[in-house]
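A look at the structure
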Amino acid sequence: MQTRLALITPGPTPIPPQVEAALAEPLLHHRSPDFRALLTETLERLRGAFATDGEVLMFAGSGTTGMESAVCNLLSAGDRVVVATAGNFGERWVRICRAYGLDVEVVEHAWGEKLDPRRVAAVCDGARAVFVTHSETSTGVVHDVRALSEAVAASGALLVVDAVSSLGGVELATDAWGIDVVVAGSQKALMTPPGLAFAAVSERAWKAAAGARLPRFSLDWAAAREAQRAGNTAFTPPVTLVAGLRAALRLIDEHGMPAIWAHNRRMALAVREGVKALGLGLFSPDDESSAMVTAVRMPAGVDGQRVHATLRDRHGIVLAGGQGPLRGKIMRIGHMGWMSDFDMITALAGLELALIEHGHRPPSPGAGAARAIELFAKTAA
Ligand code: PMP
């Protein structure tokens, strides 16, 4: 009998007990002083998480809602935009921009490649906005958005960053790196269930929004800002999720972001080394930049989708399979949010067992977990 699923994925991630407790609190009315205090504290802490003095807007919805809000608030039909892609989520920007009738120039990179700032900058002149991904969850690559920001600055185009699977897990300095808009979601490094989307908006982006003509209503940034400034939301918010998020942000602030980033890098290192000890190849980069998701190549002849199902259904371990062209070919292990060394050991041991069940023999029993334990012991806090 399965008692509990271990969510070792790049989202949704496990929920800390403090967040679970907050989610179970009696429901507040959203037009009440208690909710106003909850929202105000949460938004203040979010500004810290985004490293911005600007406004962070909150919307009911998933990460994609935050992405869509950036497109429809910043642009007008027919505007020329640049999207740099190297995986599923870069391609999502393309699809949203096309759905809104924008003139989209795609700077396509192979899945798994790192975005090349020079290639992106070369086509930015005349573009109103450039859309990039920070952590490309489908490949495990964390792109250098600081270098991308420097590279596109001269063009005057707005830089919009999808940080859905990175915010809170690896460094992202919205203001200091000159990023105009950062979007994120609640369910990954922010350790809250799915359902909240965020957009951090710079002064330059507010100016662009004032002249942007694409239609929007429930995602209108100006309406959200006006309500938030009064300690309110424009529409009924997912009150319970906001309570959960406040608890998560309090925890994050208690630990401090740099300690969390170091924890994620340490877990990622143990996973990479453990994967290699299992005789498997890495699809994601074998360096510390890949701190949120490790993508593991499945051995030849082994269908990753079936391994994924075995892990989940027989062993209660949920990893993430491959997306798009990588379906069946890779397995993704998340190391963000409320995860510990033992989650990584579970992932490695589970992967080994499931591979054995699918006919693949790793070098020696427990080699992956053993290597991870060795590294954790060396770097114990
Ligand atoms: N961007 C990235 C980088 C993501 O990882 C995800 C979720 N996997 C999204 C966007 C989309 O978020 P959602 O599924 O919450 O809409």
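Predicted model, so just to flag it, every value in this text is computed and none were measured. (Residues numbered from 1 in each chain as written. Predicted model: local features only at pLDDT ≥ 70, side-chain atom pairs only at ≥ 80, totals over all residues. Heavy atoms only, no water.)

Quick look at helix α8 (residues 221-229) now. Every buried residue of α8 is accounted for by Trp221, Ala224, Ala227 and Gln228. The buried residues of α8 occupy an angular sector of 130° when projected down its axis, which confines them to one face. Facing away from the buried side of α8 by more than 90 degrees, the exposed set consists of Glu226 and Arg229. Residues of α8 that are buried in the fold lie against α2 (33-50), β2 (55-60), α3 (63-74), β9 (181-185), β10 (196-201) and α7 (203-211). Two residues or fewer after α8 comes Gly231, characterised by a positive phi angle close to 75°. (Buried < 20%, exposed > 50% of the residue type's maximum accessible area, 1.4 Å probe, protein only. Helix = DSSP H or I, 4+ residues; strand = E, 2+ residues; numbered from the N terminus. Arc of directions from axis to C-beta. Contact = heavy atoms within 4.5 Å.)

Moving on to the pattern of salt bridges. For the structure shown, the criterion picks out 20 salt bridges. The partner of Arg229 in a salt bridge is Glu55, and the shortest N-O contact between them spans 3.2 Å. In this pair, Arg229 sits in helix α8 while Glu55 sits in strand β2, placing the two residues 174 residues apart along the sequence. According to the relative accessible area criterion, Arg229 is exposed, its value standing at 58%. Overall, Glu55 belongs to the buried group, its relative accessible area being 16%. (Salt bridge = Lys/Arg side-chain N within 4 Å of Asp/Glu carboxyl O.)

Here we come to the site of the ligand. Close to the ligand lie 13 residues, the nearest being Ser62, Gly63, Thr64, Thr137 and Asp162. Residue Gln187 places a side-chain N or O atom 2.8 Å away from an oxygen atom belonging to the ligand. Coverage of the ligand by the protein amounts to 86% of the 390 Å² it exposes when considered alone. Listing elements by their share of the shell around the ligand, those giving two or more residues are α3 and α4 (88-99). Of the residues forming the shell around the ligand, the biggest block, 3 residues, is contributed by α3. For the shell around the ligand, a count of residues per class yields 3 nonpolar, 7 polar and 3 charged. (Near = heavy atom within 4 Å. Polar contact = N/O pair within 3.5 Å; in protein donor to acceptor, adjacent residues only side chain to side chain. Areas by Shrake-Rupley, 256 points an atom, 1.4 Å probe, with all protein chains shown as cover. Nonpolar A, V, L, I, M, F, W, Y, C, P; charged D, E, K, R; others polar.)

Before going further, it helps to spend a moment on the domain arrangement of the protein chain. Interfaces are frequently sized by the accessible area removed from exposure as the parts join. According to the domain assignment, the protein chain contains domain 1 (17-254) and domain 2 (256-378). Between domain 1 and domain 2, the contact holds 28 residues from the first and 23 residues from the second. Across the domain 1/domain 2 interface, buried area totals approximately 1,900 Å², and carbon plus sulfur atoms make up 67% of it. Per-residue buried area on domain 1 facing domain 2 is highest for Trp111, Gly140 and Ile252; these three make up 23% of the total on that side. (Domains from an automatic or database assignment. Buried area = accessible area lost by both parts, 1.4 Å probe.)

Before going further, it helps to examine the sheet that holds strand β13 (residues 320-321). Pairing in this open sheet of 3 strands is antiparallel, and the strands run β11-β14-β13 from one edge to the other. Across the chains shown, the open sheet's two edge strands, defined by having one partner strand only, are β11 (293-297) and β13. Strand direction decides the pairing type here: β13 and strand β14 (residues 330-334), joined by 2 bridges, are antiparallel. Counterpart to Ala320 in the pairing with β14 is Arg332. Helix α11 (residues 304-315) contacts β13 and β14 of the sheet and is inclined by roughly 40° relative to β14. (Pairing = 2+ DSSP bridges. Axes fitted to C-alpha atoms, helices over the stretch in contact; angles between N-to-C directions.)

Next up on the list: the side chain of Asn264. You can see Asn264 is positioned in helix α10 (residues 257-277). We classify Asn264 as buried; its relative accessible area is 0%. Beyond its immediate stretch of four places on either side in the chain, Asn264 contacts Gly169, Ala291, Met292, His335, Met336 and Gly337.

The subject of this paragraph is the packing of α11 against helix α12 (residues 341-357). Relative orientation of the contacting elements α11 and α12 amounts to 110°, with a least axis distance of 9 Å. Put simply, α11 runs roughly perpendicular to α12. Helix-helix and strand crossings are classified by hand; for α11 and α12 the assignment is right-handed. Residues Val307, Thr310, Leu311, Arg314 and His315 of α11 form the contact with α12, whose participating residues are Gly350, Leu351, Leu353, Ala354, Leu355 and Glu357. Among the residues forming the contact of α11 with α12, the class breakdown is 6 nonpolar, 3 polar and 2 charged. (Parallel < 35°, antiparallel > 145°, perpendicular 65-115°, else oblique. Left-handed = near helix turned anticlockwise from the far one by under 90°.)

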